Amino acid sequence: MADVVYKQIADELRARIAAGDLAPGDDVPTEGELADHWQTSRGPVRNALAALRAEGLIETTRGRPARVVDQKPGQAVDVSIPFTRWAREIGAEPGALTHELAWRRADAAKAALLGIEPGTRVAEVLRQRFLDGVPTMLERLTYTEPAGRVLFDSDLDAGSITELLAANGFPSTIASHEIDAVAADALDARYLDVPEGFPVLRLHRVARDVDGRAFEASEDRYRSDIVRFTVSASGRSQTGDHYVRALRP
């Protein structure tokens, strides 16, 4: 019975948040108030609040009532979707501003990601991405020479580089992702409008063509106060190493 009650409490609060009756920044009714309203003990109430906290709808702080939080756009990282398309799907207007497009020589790290020899010529891009005019992500992109040639004949601020390359013979059919959190460096601070040291979400991605050859290695840095990442796991790993990797023993 208590299991049913906690779900009913969570459903009602969730509906009030969705309807705007409880807006971002508003206090959620206290445990005591909810227990009285539902004529139940505090156990089911706490379970309901824990469920909403896990969904990212509320936050709790010791010594004060739970509070509704402003929702961050979620971007799935278990699938590849261009930033431009993702932005439009969540109802935001995407924007782009390219600051660098240049030929350079691949260092050892980038050469290893792309499967080429160090010193090979690659195209590098530094580009700001916006949601409704707000700096949201900074792209550091590296492309093999064949793919890079496409970029120099195009307006990179007009839309998606991923879709541009796909239309010119470089569809991304396989992509690997790695996510971590880092402190914003001077470049991030400048282009994401955050102070140095601000926590940003870093997404490393390697894109491959239909033959499995890597042609793009990217490092995207997102403002953590605007974006969160979501992962939908379709199966269960027996060892855990498919989804989680320890950085230290």
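Since we're looking at a predicted model, the values are computed, not measured.

J.: Where do I start with the overall build of the chain in this structure?
T.: Along its length, the chain carries eight helices and 10 strands. Classification of the 249 residues of the chain by burial places 39% in the buried group. Summing over all exposed atoms, the chain offers an accessible surface of approximately 14000 Å²; the carbon and sulfur share of this is 49%.

J.: Where do I start with the nonpolar core in this structure?
T.: Nonpolar side chains in soluble globular proteins tend to be buried together. By size, the foremost hydrophobic cluster in this structure holds 17 residues, and its most contacted members are L13, V28, L49 and I58. Put simply, the parts of the chain that give this core at least two residues each are α1 (2-19), α2 (31-38), α3 (42-54) and β2 (64-68). Among the elements that make up this core, the one with the highest residue count is α1 (five residues). Aside from chain neighbours lying at most four places away, what touches V28 is L13, L49, I58, P65, A66, R67 and V68.

J.: I'm lost on the pairing of strand β5 (residues 121-131) in this one. Help?
T.: Each regular strand carries side chains that alternate between the two faces of the sheet. Most of β5 sits out of view: 10 of its 11 residues are buried. One ladder, built from 11 bridges, connects strand β4 (residues 94-105) with β5; its direction is antiparallel. If you follow A96 over to β5, its bridge partner there is R129. In this sheet, strand β6 (residues 134-144) lies alongside β5 in antiparallel orientation, the contact comprising 10 bridges. Directly across from R127, in β6, lies its bridge partner E139. Turn length for the β5-β6 hairpin, with the two strands adjacent in sequence and antiparallel, is two residues, and the turn residue D132 shows positive phi of about 50°.

J.: Would you explain the packing of aromatic side chains in this entry?
T.: Within a pair of aromatic rings, the relevant descriptors are the distance that separates the centres and the angle that separates the planes. Throughout the structure, instances matching the rule amount to three aromatic pairs. Look at F170 and F215: their rings are 5.8 Å apart centre to centre, the planes differ by 50°, and that puts the pair in the tilted class. Residue F170 is located in the loop between α7 (161-167) and β7 (174-183), and its partner F215 is located in strand β9 (residues 214-223); the two are separated by 45 residues in the primary sequence. One Lys or Arg, R121, reaches over the ring of W103 and ends 4.0 Å from the middle of that ring.

J.: I keep staring at the environment of V150 and nothing clicks. Help me out?
T.: Here V150 lies in helix α6 (residues 145-151). As a C-alpha pair, V150 and I161 span 11 residues in sequence and 9.6 Å in three-dimensional space. Every residue in contact with V150, bar those within four places of it in the chain, is listed here: L164, L165, N168 and F170.

J.: Sorry if this is basic, but what is going on with the pattern of salt bridges here?
T.: Opposite charge on two side chains permits pairing when their charged atoms draw close. Enumeration over the complete set of coordinates arrives at 24 salt bridges. Across the salt bridge formed by E59 and R67, the nearest N and O atoms sit 3.5 Å from each other. Look at E59 and you get partly exposed, because its relative accessible area is 35%. Using a relative accessible area of 26% as the deciding quantity, one classes R67 as partly exposed. Salt-bridge contacts for R223 lead to D225; the nearest nitrogen and oxygen are separated by 2.9 Å. R223 gets classed as buried once you look at its relative accessible area, which sits at 12%. Counted as one network, the salt bridges with shared partners bring together R140, D185, D188, E219 and R221.

J.: Is there a simple way to think about the side chain of R127 in this case?
T.: Locating R127 in the fold gives a position in strand β5. In terms of polar contacts, R127 uses its side chain to reach the backbone carbonyl oxygen of L156, at 2.5 Å. A distance of 3.1 Å separates a polar side-chain atom of R127 from the backbone oxygen of G159. If we ignore the near neighbours within four places in the chain, the residues touching R127 are A96, L97, T98, M137, L138, E139, L156, D157, G159 and I161.

J.: I tried to follow the confidence of the model for the chain on my own but got confused; where do I start?
T.: Keep in mind that low pLDDT regions are not for reading the predicted coordinates in detail. Looking at the chain as a whole, its pLDDT mean stands at 84, while 86% of the residues score no less than 70. For the chain, the element scoring lowest by mean pLDDT is strand β3 (residues 74-76), at 52; β5 scores highest, at 97.

Scoring rules and cut-offs
- Throughout this description, residue numbers start from 1 for each chain and increase along the sequence as written.
- Per-residue local features of the predicted model are confined to residues with pLDDT of at least 70, and side-chain atom pairs are confined, for both listing and counting, to 80 or more; whole-chain, interface and lining totals are unaffected and use all residues.
- Only hydrogens and water are removed before side-chain values are computed, so all heavy atoms of the structure are retained for them.
- Working definition: helices are DSSP H or I runs of at least four residues, strands are E runs of at least two. Numbering for both runs from the N terminus.
- Categorising residues by exposure relies on relative accessible area from a 1.4 Å probe, with only protein chains included: less than 20% of the type maximum marks a residue as buried, more than 50% marks it as exposed, and the intermediate range marks it as partly exposed.
- All accessible areas in this document rest on Shrake-Rupley with a 1.4 Å probe, and a residue is counted as covered only by the protein chains that are shown.
- Residues belong to one nonpolar core when they are buried, are Ala, Val, Leu, Ile, Met, Phe, Trp, Tyr or Cys, and are joined through side-chain atoms within 4.5 Å.
- What makes two residues a contact is simply this: any of their non-hydrogen atoms within 4.5 Å.
- Pairing between strands is defined by DSSP: at least two bridges between them are needed.
- Two aromatic rings, drawn from Phe, Tyr or Trp (for Trp, its six-membered ring), form a pair once their centres lie within 6.5 Å of each other, and the interplanar angle then sorts them: stacked below 30 degrees, edge-to-face above 60, tilted otherwise.
- A positively charged side chain is recorded as over a ring if its NZ (Lys) or CZ (Arg) lies within 6 Å of the ring centre. The angle to the ring normal must also be within 35 degrees.
- One speaks of a salt bridge when a side-chain nitrogen belonging to Lys or Arg is within 4 Å of a carboxyl oxygen belonging to Asp or Glu.
- We define a polar contact as two N or O atoms separated by no more than 3.5 Å, with the added condition that, inside protein, one atom must be a possible hydrogen donor and the other a possible acceptor, whereas residues neighbouring each other in sequence contribute only through side-chain atom pairs.
- Looking at any residue, its pLDDT shows the predictor's confidence there, from 0 to 100.

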